[in-house]
Amino acid sequence: MSNILVISAHQDLNTSVSNKLILNELQNHFGDKISVRRLSDLYPDYQIDVKAEQDALIGADVVLLQYPTFWFNTPAILKKWLDDVWLYGFAYGEGGDKLHGKKFLVSTTTGSGENTYNGQIVATIDDLVKPVKHSALYAGFDWQGVYPLYGALYIQGVHNDEHLAQLQNNAKNHSNTLIEKLEALL
C-alpha cells in the first residue's frame, strides 16, 4: 500500500475555507492511506520535532505540500519546516538519500485571481514555487508539479454567502483534481 503524506502549512486552519476543505476531502477519500501533518497545530511555537517529521517523510511514498501563498511566498512555518527537517545526511549530502524517488507535488491557494499571477507585476505561480521545486529536486524527490487554486480569499463580514459557496465549490473541484493526480501516483 502506498502512503500519502500531506504537509499542511496554513497558519490558522480554523479560519480557512479552501485549505480546510481540501484537507477534509483528501482525508475522506484516501482514509488510512493518507497522513496529514498540520504544522500550525503541531508547532504553534515553531519548535519543530525534526525526528517526527523525518520519520513521517520516510514512511511516505507521495508527499504533498498544501499551503496558502502569502505575499508571493510560502508561509513562514513551511520555510522553517524545510530548513529544520531537510538536513544534511537526510535530504542531501553524504547519506542524504532518504527522500530519493518519492513523488512530490505542491498545492497552493492564492487570495488573488489567476490574472494577478501573469508574470508582469507579480510572478507566475511556477516562478513563485521554484525555490520549493528546486529544493525538492536537490533532495532527490520526483517532482510532480504545482496545482494552484486561485482566488481563494474569504473574509467574513466582507464577502457574502454567494462568494463563500463559490469558494467552497472551487475548493471541492480542486480537491478532485488532486485526488485524480494522487490516485495516478499510487
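If you check an unreviewed UniProt entry, the chain appears there as NAD(P)H-dependent oxidoreductase from Moraxella nasicaprae.

Student: Any chance you could explain the UniProt feature "domain: Flavodoxin-like fold" (unreviewed entry) in the chain here in plain terms?
Tutor: UniProt records the feature "domain: Flavodoxin-like fold" (unreviewed entry) at residues 3-172, using the numbering of this structure. Secondary structure content for residues 3-172 is 36% helix and 19% strand, and the end C-alpha separation is 22 Å.

Student: Quick question: what am I supposed to make of the packing of aromatic side chains here?
Tutor: We describe a pair of aromatic rings using the distance from one ring centre to the other and the angle between the two ring planes. If you walk through the whole model with that rule in mind, you get 10 aromatic pairs. Note on Phe72 and Tyr117: the rings are 6.0 Å apart at their centroids and 65° apart in plane angle, and the pair reads as edge-to-face. In this pair, Phe72 sits in the loop between strand E3 (62-68) and helix H4 (76-85) while Tyr117 sits in the loop between strand E4 (103-109) and helix H5 (125-128), placing the two residues 45 residues apart along the sequence. Summarising the aromatic geometry, the rings of Tyr88 and Tyr92 are spaced 5.6 Å apart at their centres and angled 85° between planes, so their arrangement reads as edge-to-face.

Student: Hey, could you run me through the environment of Asp61 in this one?
Tutor: Inspection of the secondary structure puts Asp61 in the loop between helix H3 (50-58) and E3. On the basis of relative accessibility, which here comes to 33%, the residue Asp61 falls in the partly exposed class. For the pair formed by Asp61 and Leu99, sequence separation is 38 residues and the distance between their alpha carbons is 9.1 Å. A polar contact of 2.8 Å, which involves the side chain of Asp61, links it to the backbone nitrogen of Asn3.

Student: Got a minute to help me understand the pattern of salt bridges in this structure?
Tutor: Tallied over the entire structure, the rule returns 8 salt bridges. Close ionic contact of Lys80 with Asp84 constitutes a salt bridge, the shortest N to O distance being 2.5 Å. Remark: Asp84 and Lys80 occur in helix H4; sequence separation between them is 4 residues, near one turn of the helix. Where Asp97 meets Lys98, a salt bridge forms, and the shortest distance between an N and an O atom there is 3.6 Å. Residue Asp97 is classed as partly exposed on the basis of its relative accessible area, which comes to 43%.

Calculation notes
Residues numbered from 1 in each chain as written. Predicted model: local features only at pLDDT ≥ 70, side-chain atom pairs only at ≥ 80, totals over all residues. Heavy atoms only, no water. UniProt positions renumbered as here; feature names shortened; annotations may be inferred. Helix = DSSP H or I, 4+ residues; strand = E, 2+ residues; numbered from the N terminus. Phe/Tyr/Trp six-rings, centres within 6.5 Å; stacked < 30°, edge-to-face > 60°. Buried < 20%, exposed > 50% of the residue type's maximum accessible area, 1.4 Å probe, protein only. Polar contact = N/O pair within 3.5 Å; in protein donor to acceptor, adjacent residues only side chain to side chain. Salt bridge = Lys/Arg side-chain N within 4 Å of Asp/Glu carboxyl O.

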